Amino acid sequence: MAKNNSLLKIEGTLDNLTFYKSADGHLVRTKGGVSKNRIMNDPAFARTRENGVEFGHSASSGKMLRDAIGVFVFRAKDSKLSSRLMKVMSDVKNQDLVSARGQRNVNEGLASSEGQNLLKGFDFNNRAMLRSVLFAPLTIDIPSGKIVFDNFIPASHLRYPSGASHFSVQSAFLNMDFATGISAVTFSDTQNYPIDTLTSSFDLEPDGVPIGSGTQIYFLLIEFFQEVNGVQYLLNNGMYNVLNILEVI
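Conventions used here
Residues numbered from 1 in each chain as written. Predicted model: local features only at pLDDT ≥ 70, side-chain atom pairs only at ≥ 80, totals over all residues. Heavy atoms only, no water. Phe/Tyr/Trp six-rings, centres within 6.5 Å; stacked < 30°, edge-to-face > 60°. Helix = DSSP H or I, 4+ residues; strand = E, 2+ residues; numbered from the N terminus. Patch = residues over 30% accessible without salt bridge, like charges linked within 9 Å, V, L, I, M, F, W, Y side chains within 5 Å. Areas by Shrake-Rupley, 256 points an atom, 1.4 Å probe, with all protein chains shown as cover. Salt bridge = Lys/Arg side-chain N within 4 Å of Asp/Glu carboxyl O. Contact = heavy atoms within 4.5 Å. Core = buried A, V, L, I, M, F, W, Y, C linked by side-chain atoms within 4.5 Å. Buried < 20%, exposed > 50% of the residue type's maximum accessible area, 1.4 Å probe, protein only.

Participant: Which parts of the structure should I look at to understand the packing of aromatic side chains?
Facilitator: A ring pair, where both rings are aromatic, is described by two values, the distance of the centres and the angle of the planes. Evaluated as defined, the whole model comprises 10 aromatic pairs. Where Phe 124 meets Phe 219, the ring centres are 6.1 Å apart and the plane angle is 50 degrees; that geometry is what we call tilted. Taken together, the positions of Phe 124 in the loop between helix H6 (113–119) and helix H7 (130–133) and Phe 219 in strand S11 (residues 215–228) put the pair 95 residues apart, joining distant regions of the chain. An aromatic cluster of three or more residues is present, and its members are Phe 149, Phe 152, Phe 167, Tyr 193 and Phe 202.

Spelled out as structure tokens, the structure:
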């Protein structure tokens, strides 16, 4: 794969070259390779088929998670979220030490603390990562999903973008069964505060524990706003919004 830096930007196939546009610009690659029929049937490609199955499973697991928490994802994401999340899911899948090669999966990987730690801390927007925005301790009550902030000073404990006058916080508590694709999620109320030097304590408690079983995942969403004539406007279409997985159980 190479970049097309010429003045002529085309898409499609020309002779043995395929031109296409991606998030990284205009790219070009050569055609060719092993036929699909051979990959699917030749014993020499058994490992390739196994890798393909596991690759597909990791991708679908990432989509399950994005869909389950979609209302949050729409408010804080970057252009490469899908590929970044799939990479993490593939790493989690590798923690499955009980399934045969080609059948390793995210659900079994998350049964281990190693797999859980790989997903914990994931940021959905790599332009605004939690560790670079929030500088205040918080605690999570695992059974209820309640997140508690004590002695919080917005102007000191947040790295906020220029022009921001207010911020909001909201949490989510997700039960996700990656084996079946069944999920349930509950949300806290949104709390909105001015970015000032006043000290306050507050908590975010979801409206109940989500039903079902599976992996419990706890999310925190931070959004920034600019107030103009008494109306708050989302800052720069959410570019600086944070969505982070705080905990995985």
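Participant: Which parts of the structure should I look at to understand a nonpolar patch on the surface?
Facilitator: On the surface, a cluster of nonpolar side chains totalling about 250 Å² of accessible area is made up of Val 228, Val 231 and Tyr 233. Residue position: Tyr 233 is located in strand S12 (residues 231–234).

Participant: Is there a simple way to explain the environment of Ile 249 in this structure?
Facilitator: With respect to the helices and strands, the residue Ile 249 is situated in the segment after strand S13 (242–248). A sequence separation of 137 residues divides Ile 249 from Ser 112, and the C-alpha atoms of the two residues are 9.4 Å apart. Sequence-distant contacts of Ile 249, defined by excluding residues within four places in its chain, comprise Gln 116, Ile 142, Thr 215, Gln 216 and Tyr 218.

Participant: What am I meant to see in the nonpolar core here?
Facilitator: In summary, soluble globular proteins display a tendency toward joint burial of nonpolar side chains. Counting 26 residues, the largest nonpolar core has Leu 65, Leu 119, Phe 124, Ile 217, Phe 219 and Ile 245 as the members making the most contacts within it. Where this core is concerned, the elements lending two or more residues are helix H2 (46–68), helix H3 (70–73), helix H4 (81–93), strand S7 (166–176), S11 and S13. The element contributing the most residues to this core is H4, with 5 residues. Setting aside its immediate chain neighbours within four residues, Ile 245 contacts Leu 65, Leu 119, Lys 120, Gly 121, Phe 122, Phe 124, Ile 217, Tyr 218 and Phe 219. Counting residues in each nonpolar core, the second largest holds 21 residues, with Val 133, Ala 136, Phe 167 and Ile 222 among its members.

By themselves, these observations are geometric and do not establish any function.
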